[in-house]
Amino acid sequence: MTREPDSGSRSLEWDGYASTWLDETPQRLWRMHSDALNSQLCRRWLPRGRTDLIVKTDLFDEAVSDGIYTTLLDHADRVAAVDVSPVVATAAVTRHSTMLAATADVRLLPLRDDCADAVVSLSTLDHFTGPDDVTVALLELTRILRPGGVLILTMDNPSNPVLAVRNSLPFSLTHKVGLVPYPVGRTYDVRTMCRMTEEAGLDVTHVTAIMHAPRMLAIQALRLVDGDRLDTHSRLAGTLMAFEKLESLPTRFVTGHFIAIRATKPF
Ligand SMILES: C[S@@+](CC[C@H](N)C(=O)[O-])C[C@H]1O[C@@H](n2cnc3c(N)ncnc32)[C@H](O)[C@@H]1O
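Numbers given to residues run from 1 along each chain, matching the order in which its sequence is written. Local features in this predicted model are restricted to residues whose pLDDT is 70 or higher, and side-chain atom pairs enter the listing and the counts only when it is 80 or higher, whereas totals over whole chains, interfaces and linings include all residues. Computation of side-chain values: all heavy atoms of the structure, hydrogens and water removed.

Colleague: So what about the nonpolar core? Which residues, and what values?
Modeller: In summary, soluble globular proteins display a tendency toward joint burial of nonpolar side chains. Nonpolar cores are built from buried Ala, Val, Leu, Ile, Met, Phe, Trp, Tyr and Cys residues. Side-chain atoms within 4.5 Å join them into one set. For every residue, the accessible area obtained with a 1.4 Å probe (protein chains only) is divided by the maximum for its type, and the residue is called buried under 20%, exposed over 50%, and partly exposed between those limits. Core analysis: the biggest nonpolar cluster contains 42 residues, and Trp30, Leu46, Leu72 and Val120 have the highest contact counts within it. Only DSSP runs of H or I with at least four residues qualify as helices, and only runs of E with at least two residues qualify as strands; both kinds are numbered from the N terminus onward. The biggest single contributor to this core is helix α2 (residues 28-45), with six residues. Ranked by size, the runner-up nonpolar core spans 31 residues in total, among them Val119, Leu138, Ala200 and Ala263.

Written as structure tokens, this is what we have:
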């Protein structure tokens, strides 16, 4: 567990995918929906009252869309974020000039022990090839959290049958047909993720699943509409959000695209 992360080659790879995304700006409406859902989750689960520092583990959301930076700023005086890709980090800071951003690997953060009141990790740890890297990353997030601090973690949900099929297909194929814009790594079901989170030294307080609209269908459908018309925006946003009612059903871990875990660092 003490080896150095192989960030160099990974950051170049992510730079490439991010540059293409920033040139083509695909999925504009879908990214707005994603930001709305992630903001909603953070408002539900972040500590009550104003805190000092929130750390976010990647900057893709803030690079390609508004992301959740302003939501996080409602809860903390400072928001710091990292991304392994300099292209992503630069694009995010261009949109949000007051954000404290750095190019760094989530497995080796340039932050001191016990400094963060909350860590928000949205689908970052599901880009590794194996569980050891997830464990290293979780230990790192635990290290920077202050006692009593909150981790909000989302990961691709392998119990969603659409994701299970997608992940069983070769990336060369899913990428070519436009299903997967960037590489996805290995992901774990909610029980396994809870166990790994607890083994890293955190107490899991809540679990759920979010993003219940059929993502692949919705992304294709949104491509066909005129994304610049405000009335179309709000109608579509309402329809997509209505799918989130599925979160209250026992089938949430079948329909949700992401599992979501809230955990705290013990005193
Ligand atoms: C494509 S995005 C998906 C995550 C995004 N938050 C979302 O929910 O759509 C993955 C992002 O994580 C970054 N990333 C990948 N591996 C990373 C690592 N080890 N440390 C920090 N950032 C990483 C990539 O550069 C990219 O910006």
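Colleague: Describe the sheet that holds strand β4 (residues 116-122), listing the residues and the values that go with them.
Modeller: Read across the open sheet, the seven strands follow the order β3-β2-β1-β4-β5-β7-β6; overall the sheet is mixed. The two strands at the open ends of the sheet, each matched to only one other strand, are β3 (100-103) and β6 (203-210). This sheet shows a mean twist of 15° between the axes of neighbouring strands, independent of strand direction. By the convention used here, strands pair only if DSSP detects at least 2 bridges between them. With five bridges joining them, strand β1 (residues 51-56) and strand β2 (residues 76-83) adopt parallel strand pairing. Across the sheet, residue Lys56 finds its bridge partner in β2, namely Ala81. Taken strand by strand, helix α5 (residues 86-95) contacts β2 and β3, and its axis lies near 165° from that of β3. Note on method: axes are straight lines fitted to C-alpha atoms, helices fitted across the in-contact stretch only, with angles between N-to-C directions ranging 0 to 180 degrees. Whether two residues are in contact is decided by their heavy atoms, any of which lying within 4.5 Å being enough.

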